[in-house]
Amino acid sequence: MNLRAGIPFVVSAPSGTGKTTVCRAVVEGDDGIEFSVSHTTRARRPGEEDGVHYHFVDRDAFAALAKRGGFLEHAEYAGNRYGTSWTAIDEPLAAGRDLILEVEVQGARQLRDRRSDARFLFLLPPSLSELERRLRGRGTDSDEAVRARLDIVESELAAVHLFDYAIVNESIEGTIRAVREIVAAEREGVTEGVRAKWDRARVVAGLAGTLPIPSV
Ligand code: 5GP
């Protein structure tokens, strides 16, 4: 019998950093962790399935759920609404399954205040030019949507100080390994090693001006 509750791992990053690719690989390689499936009003991208990648809803349905108190957190991001419903997390956590909550930084901020059981991981792009290259190369968003995402990168980067861990996504494989190591350490409750390795202040200091991040 599994006696421990699942751990919510909150993963944030500026759009285009590669967090979805990283999180998918972590979930695919580990039976004990799954995605919390969010609600969004954004249009479905090719290949996305309702109920798997998101619950795709219109603005009225989203507002109605928000009004009923159905969201643990929600935010408006680049013209669309996103939210984590209680339904998405309560049952898996109670059953002892760990969760990845992939959220933008306003959501992470709300979760920081509301969930003392959550662990917070922030992924950083190696540079702004690399981030723009990845966003444009993805080819799934209009030029306007890409610009909307780039406009908020600086404020997103400033949020790194809210997180327990900061990882620079230099290579997808390296970042996947890092997240797996952190998940394993948090499960065991032996976190000194990973906390030192991906300490946010040290990681930010090591970036030495390559990204516009205010020091605290
Ligand atoms: P995308 O449109 O690229 O799928 O997601 C845009 C941003 O919204 C990403 O940073 C993604 O992590 C975030 N996001 C996805 N689901 C949620 C959610 O439930 N809550 C919040 N606050 N952000 C979310």
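Before reading further, recall that the structure is shown in the block above.
Residues numbered from 1 in each chain as written. Predicted model: local features only at pLDDT ≥ 70, side-chain atom pairs only at ≥ 80, totals over all residues. Heavy atoms only, no water.

Caption draft 1: Fine view of the packing of aromatic side chains. Scanning all chains against the criterion turns up 6 aromatic pairs. Judged by centre distance (6.1 Å) and plane angle (75°), the rings of tyrosine 77 and tyrosine 82 are edge-to-face. Judged by relative accessible area, which is 7%, tyrosine 77 ranks as buried. For tyrosine 82, a relative accessible area of 12% corresponds to the buried category. Ring centres of phenylalanine 122 and phenylalanine 163 lie 4.8 Å apart, and the angle between their planes is 50°; this geometry places the pair in the tilted category. One end of the pair, phenylalanine 122, is in strand β8 (residues 119–124); the other, phenylalanine 163, is in the loop between α7 (153–158) and β9 (165–168), and 41 residues separate them in sequence. The exposure class of phenylalanine 163 is buried, given its relative accessible area of 0%. Grouped by ring-pair contacts, the aromatic residues Tyr54, Phe56, Tyr77 and Tyr82 constitute a single cluster. (Phe/Tyr/Trp six-rings, centres within 6.5 Å; stacked < 30°, edge-to-face > 60°. Buried < 20%, exposed > 50% of the residue type's maximum accessible area, 1.4 Å probe, protein only. Helix = DSSP H or I, 4+ residues; strand = E, 2+ residues; numbered from the N terminus.)

Caption draft 2: Molecular detail of the packing of helix α5 (residues 128–138) against helix α6 (residues 143–151). Direction vectors running N to C along α5 and α6 enclose 155°, while the axes themselves pass 10 Å from each other. Comparing the axis directions of α5 and α6 gives the class roughly antiparallel. Once α5 is placed against α6, the crossing between them reads as right-handed. Each of Glu132, Leu135, Arg136 and Arg138 in α5 lies in contact with α6, whose residues at this interface are Asp143, Val146, Arg149 and Leu150. The residue makeup of the contact of α5 with α6, split by class, is 3 nonpolar, no polar and 5 charged. (Axes fitted to C-alpha atoms, helices over the stretch in contact; angles between N-to-C directions. Parallel < 35°, antiparallel > 145°, perpendicular 65-115°, else oblique. Left-handed = near helix turned anticlockwise from the far one by under 90°. Contact = heavy atoms within 4.5 Å. Nonpolar A, V, L, I, M, F, W, Y, C, P; charged D, E, K, R; others polar.)

Caption draft 3: How the structure looks around the sheet that holds strand β5 (residues 71–77). Pairing within the open sheet is mixed, and its 4 strands lie in the order β4-β3-β6-β5. Of all strands in the sheet, those bounded by a partner on one side alone are β4 (55–56) and β5. Its contacts with the sheet place helix α3 (residues 86–94) against β5 and β6 (80–85), and it is angled at close to 25° to β6. (Pairing = 2+ DSSP bridges.)

Caption draft 4: Highlighting the site of the ligand. The environment of the ligand is made up of 16 residues, and the closest members are Ser38, Arg42, Tyr54, Tyr82 and Glu104. Arginine 45 is positioned such that a nitrogen or oxygen atom in its side chain is 3.1 Å from an oxygen atom of the ligand. The side chain of tyrosine 82 places a nitrogen or oxygen atom 2.5 Å from an oxygen atom of the ligand. A total of 510 Å² of accessible area belongs to the ligand in isolation, and the protein chains cover 95% of it. Of all the elements in the fold, those that place two or more residues in the shell around the ligand are β5 and β6. (Near = heavy atom within 4 Å. Polar contact = N/O pair within 3.5 Å; in protein donor to acceptor, adjacent residues only side chain to side chain. Areas by Shrake-Rupley, 256 points an atom, 1.4 Å probe, with all protein chains shown as cover.)

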